[in-house]
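Chain by chain, the residues run as shown.
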Amino acid sequence: YNNKVLIEFFRYLIDDRKLSGKSVKYYRMLLAKLFKYFCREKLLLVNPVYDIPPCIRVNDQAARPITREDVEIFKKALAMDPELFLAIKFEYYCGLRPGHEIRELKIKNIDFAAGTIHVDREHAKNGKDRIVTIPRQFLEDLRASGLSGINRSFYIFGRGGIPGPVPVSKNKLSRHFFNLRKKLNMPEEYKFYSFKCTGMIAADDTGKIPAKDISNHVGHSDLATTSIYFRNKKSQVSKAIRDEYPTL
């Protein structure tokens, strides 16, 4: 390994892989630490991570909220895939993340009487326990689903599309969403995760739910994170400009 090889590798990351500047920076940091260790152990004389080509590319792969019109189109199509529709409802209504929080959700985590979901720290993104309030309309669906009468140790999203002792495979639900999005000819910016964003914005648009409640509901570490989230995801509509702008 030498500097020439490292530069070729980073050219591959930048030109062929089209990674963002942030990702390239992480590669540089990790490799610099690795080769620093090799030098300390006398396996190399010089750390070859230097004069790395700069990269300022920004790859915006963030999930975009789904418009109301497109939500209605998705809902009609989701009637044919109840498993995916249920997962999306957990995103939209309860702010659960599609990874560990939904995929590894067990029936015992739901209190059907109180109308809450316990997200334990093992599965939460921020590593903290939280109790999620289930909105009334979704709670009615869950109570009518029959889940409360199934073995409470079962995963809600089990193998074979039914609750069971083994969770659904890691990418199945997101793959189903990808295929549905493609079938409906929807924008690639709509991700499986988008329904969580969509639910947050819809809740804020009611004007009746405090931002602090929404922040706690979706498991943000603080209100500032939620404010940034809204600023980046939510259309900033000026009622004054919309309604009072002079006619040409």
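Residues numbered from 1 in each chain as written. Predicted model: local features only at pLDDT ≥ 70, side-chain atom pairs only at ≥ 80, totals over all residues. Heavy atoms only, no water.

Caption draft 1: Broad picture of the sheet that holds strand E3 (residues 130-133). Pairing in this open sheet of three strands is antiparallel, and the strands run E1-E2-E3 from one edge to the other. Bordering the open sheet on either side are strand E1 (110-111) and E3, each of which pairs with just one other strand. Relative to E3, strand E2 (residues 116-119) runs antiparallel, the two sharing four bridges. Following the sheet pairing, His118 is matched in E3 by Ile131. (Pairing = 2+ DSSP bridges. Helix = DSSP H or I, 4+ residues; strand = E, 2+ residues; numbered from the N terminus.)

Caption draft 2: Structural view of the layout of surface pockets. A volume near 440 Å³ is recorded for the largest pocket. Along the walls of the largest pocket sit 22 residues, with Tyr93, Pro135, Ala203, Ile209 and His217 positioned nearest its centre. Where the lining of the largest pocket is concerned, the elements lending two or more residues are helix H4 (82-94), E3, helix H8 (194-205) and helix H9 (211-218). Grouping the constituent residues of the lining of the largest pocket by class yields twelve nonpolar, seven polar and three charged. (1 Å grid on protein atoms, 1.4 Å probe; cavity = no way out; pocket = protein on both sides within 12 Å on 5 of 7 lines; lining within 4 Å. Points joined across faces, edges and corners; volume = space filled by probe spheres on them. Nonpolar A, V, L, I, M, F, W, Y, C, P; charged D, E, K, R; others polar.)

Caption draft 3: Broad picture of the side chain of Glu91. Assignment of secondary structure puts Glu91 in helix H4. It is Lys196 that comes nearest to the buried, bridge-free Glu91 among opposite-charge side chains, at 8.0 Å. Dropping the residues within four chain positions of it, Glu91 is found in contact with Leu96, Pro98, Ile102, Phe192, Tyr193, Ser194, Phe195 and Lys196. (Buried < 20%, exposed > 50% of the residue type's maximum accessible area, 1.4 Å probe, protein only. Lys, Arg positive; Asp, Glu negative; His and termini not counted. Salt bridge = Lys/Arg side-chain N within 4 Å of Asp/Glu carboxyl O. Contact = heavy atoms within 4.5 Å.)

Caption draft 4: Molecular detail of the packing of helix H3 (residues 68-78) against H4. It is at 9 Å that the axes of H3 and H4 come closest, and there the two elements cross at 145°. Contacts between H3 and H4 involve Arg68, Lys75 and Leu78 from the former and Pro82, Leu84, Phe85, Ile88 and Tyr92 from the latter. In the contact of H3 with H4, the residues fall into six nonpolar, no polar and two charged. (Axes fitted to C-alpha atoms, helices over the stretch in contact; angles between N-to-C directions.)

Caption draft 5: Representation of the environment of Arg68 within the structure. With respect to the helices and strands, the residue Arg68 is situated in helix H3. Judged by relative accessible area, which is 46%, Arg68 ranks as partly exposed. Along the backbone, Arg68 and Leu19 are 49 residues apart, and their C-alpha atoms lie at a distance of 32 Å. Ignoring anything within four residues of it in the chain, the contact list for Arg68 reads Lys75 and Tyr92.

Caption draft 6: Just the packing of aromatic side chains, in detail. According to the stated counting rule, one finds 15 aromatic pairs in the structure shown. Between Phe9 and Tyr12, the ring centres sit 6.4 Å apart and the planes meet at 35°, which makes this aromatic pair tilted. In this pair, Phe9 and Tyr12 are both assigned in helix H1 (residues 3-16), three residues apart and thus about one turn of the helix distant. In this structure Phe9 comes out as partly exposed when scored by relative accessible area, which is 31%. Aromatic pair Tyr93 and Phe138: ring centres 5.4 Å apart, planes at 15°, arrangement stacked. Here Phe138 lies in helix H6 (residues 136-144) and Tyr93 lies in helix H4, a separation of 45 residues in the sequence. Looking at Tyr93, the relative accessible area reads 21%, which means it is partly exposed. The exposure class of Phe138 is buried, given its relative accessible area of 1%. (Phe/Tyr/Trp six-rings, centres within 6.5 Å; stacked < 30°, edge-to-face > 60°.)

Caption draft 7: Structural context of the packing of H3 against helix H7 (residues 172-183). The contact between H3 and H7 brings their axes to 11 Å, and the two run at 115°. In this structure, H3 crosses over H7, and the sense of that crossing is right-handed. Where H3 approaches H7, its residues Phe74, Ala77 and Leu78 are matched on the opposing element by Phe177, Leu180 and Arg181. Here the residues of the contact of H3 with H7 sort into five nonpolar, no polar and one charged. (Left-handed = near helix turned anticlockwise from the far one by under 90°.)

Caption draft 8: Main features of empty space enclosed by the protein. All told, the structure shown has one cavity of 30 Å³ or more when counted by the stated rule. Counted as a void, the largest cavity has a volume near 60 Å³. Every element with two or more residues in the lining of the largest cavity is listed here: helix H5 (100-103) and E2. Considering only residue class, the lining of the largest cavity consists of two nonpolar, four polar and three charged.

Caption draft 9: How the structure looks around the nonpolar core. Counting 34 residues, the largest nonpolar core has Phe74, Phe90, Leu96 and Ile117 as its most contacted members. Elements with a contribution of two residues or more to this core: H3, H4, E2, H6 and H7. Broken down by element, this core gets its largest block of residues, five residues, from H4. Discounting chain neighbours no more than four positions away, the residues touching Phe90 are Gly95, Leu96, Ile102, Leu105, Ile110, Ile117, Phe138, Leu142, Ile156 and Phe157. Leu13, Ile14, Leu31 and Phe35 belong to the second-largest nonpolar core, a separate cluster that totals eleven residues. (Core = buried A, V, L, I, M, F, W, Y, C linked by side-chain atoms within 4.5 Å.)

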